[in-house]
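Each chain is listed here by its residues.
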Amino acid sequence: MAKNPRSRRRWAPAVALAVLAQAVCVSAAPSITVTGSWSQTIGSASLSAAAGSDLVGTYTSAADQVLLDLSDPRWRVSVQRVDAFWHSNLNLYVQRTSNGSTPNGTISGGTAYQSVTTSAQSFFTGTKNFSNIAVQIQLSGVSLQVPPATYTTGLTFTITHI
């Protein structure tokens, strides 16, 4: 039986990412402020070639899609994913793309993409107060194997006094 050329698989999901913040107090009173969010709509314009090809598999936000402001003498920022509706083929990554600004603090780590899972994991560390630390988000694993839907997850950044 010949395939009908009009019966192509349609792809029109949107991947929406909400950014959430949570402060954790271990011994002092650290604070974190998170600004920014990202959503990516994936449709027919996202095909890697002509009709019948797979989708582009990786999407990257602006380098300063999320900005973090941190306040504590010595701190660690952790990150985790909180899924609302997510497909197991999709992978989310974050990287720190700037040091932000501080009068005399230090910041270390987080400058290479790291996978974000549903378990909190260390992202980067530092000392003193910082503002406007830029974070970039990357989504991969997009393909025609992922059913069309709106997939939503959140990123939780947690500051801990160390």
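This text goes with the structure placed above it.
Residues numbered from 1 in each chain as written. Predicted model: local features only at pLDDT ≥ 70, side-chain atom pairs only at ≥ 80, totals over all residues. Heavy atoms only, no water.

Q: Help me understand the pairing of strand S2 (residues 31–35) in this model?
A: Alternating residues of S2 divide into Ile32 and Val34, all buried, and Ser31, Thr33 and Thr35, none buried. Alignment of S2 against strand S5 (residues 66–71), held across five bridges, turns out to be antiparallel. Pairing of Ser31 across the sheet is with Ser71, part of S5. (Buried < 20%, exposed > 50% of the residue type's maximum accessible area, 1.4 Å probe, protein only. Helix = DSSP H or I, 4+ residues; strand = E, 2+ residues; numbered from the N terminus. Pairing = 2+ DSSP bridges.)

Q: What is the right way to look at the nonpolar core in this model?
A: The nonpolar side chains of a soluble globular protein tend to be buried with one another. Core analysis: the largest hydrophobic core is formed by 32 residues, its most contacted members being Leu68, Trp75, Phe124 and Phe157. At the level of elements, S2, S5, strand S6 (74–85), strand S7 (91–96), strand S10 (121–127), strand S11 (130–140) and strand S12 (150–161) are the ones that each hand at least two residues to this core. Per element, the largest residue contribution to this core is five residues, and it comes from S11. With residues up to four places along the chain from it excluded, the contact list for Leu68 reads Ile32, Thr33, Val34, Phe124, Phe130, Ser131, Asn132, Ile133, Val135 and Phe157. (Core = buried A, V, L, I, M, F, W, Y, C linked by side-chain atoms within 4.5 Å. Contact = heavy atoms within 4.5 Å.)

Q: What's the story with the packing of aromatic side chains in this structure? I'm lost.
A: The relation between two aromatic rings is expressed through the spacing of the ring centres and the mutual angle of the planes. Considering all chains together, one arrives at five aromatic pairs under this definition. Seen from their ring centres, Trp75 and Phe130 are 5.8 Å apart, and the 85 degrees between their planes marks the pair as edge-to-face. Of the two residues, Trp75 sits in strand S6 while Phe130 sits in strand S11, which places them 55 residues apart along the sequence. Residues Trp75 and Phe130 agree in their burial class; the two are buried. (Phe/Tyr/Trp six-rings, centres within 6.5 Å; stacked < 30°, edge-to-face > 60°.)

Q: How should the environment of Ile133 be read in this particular structure?
A: Summarising the element assignment, Ile133 is placed in strand S11. In this structure the C-alpha to C-alpha distance between Ile133 and Arg96, which are 37 residues apart in sequence, comes to 7.2 Å. Filtering out sequence-adjacent residues up to four positions away, Ile133 remains in contact with Val66, Leu67, Leu68, Leu70, Trp75, Arg96, Ser98, Asn99, Gly100, Ile107 and Phe124.

Q: Would you explain the pattern of salt bridges in this entry?
A: Between side chains of opposite charge, a pair can form when the charged atoms approach closely. Within this structure, the stated rule accounts for one salt bridge. Between Arg81 and Asp83 there is a salt bridge, and its shortest N-O distance comes to 2.6 Å. Under the relative-accessibility criterion, Arg81 is labelled buried at 13%. Assessed through its relative accessible area of 33%, Asp83 is described here as partly exposed. (Salt bridge = Lys/Arg side-chain N within 4 Å of Asp/Glu carboxyl O.)

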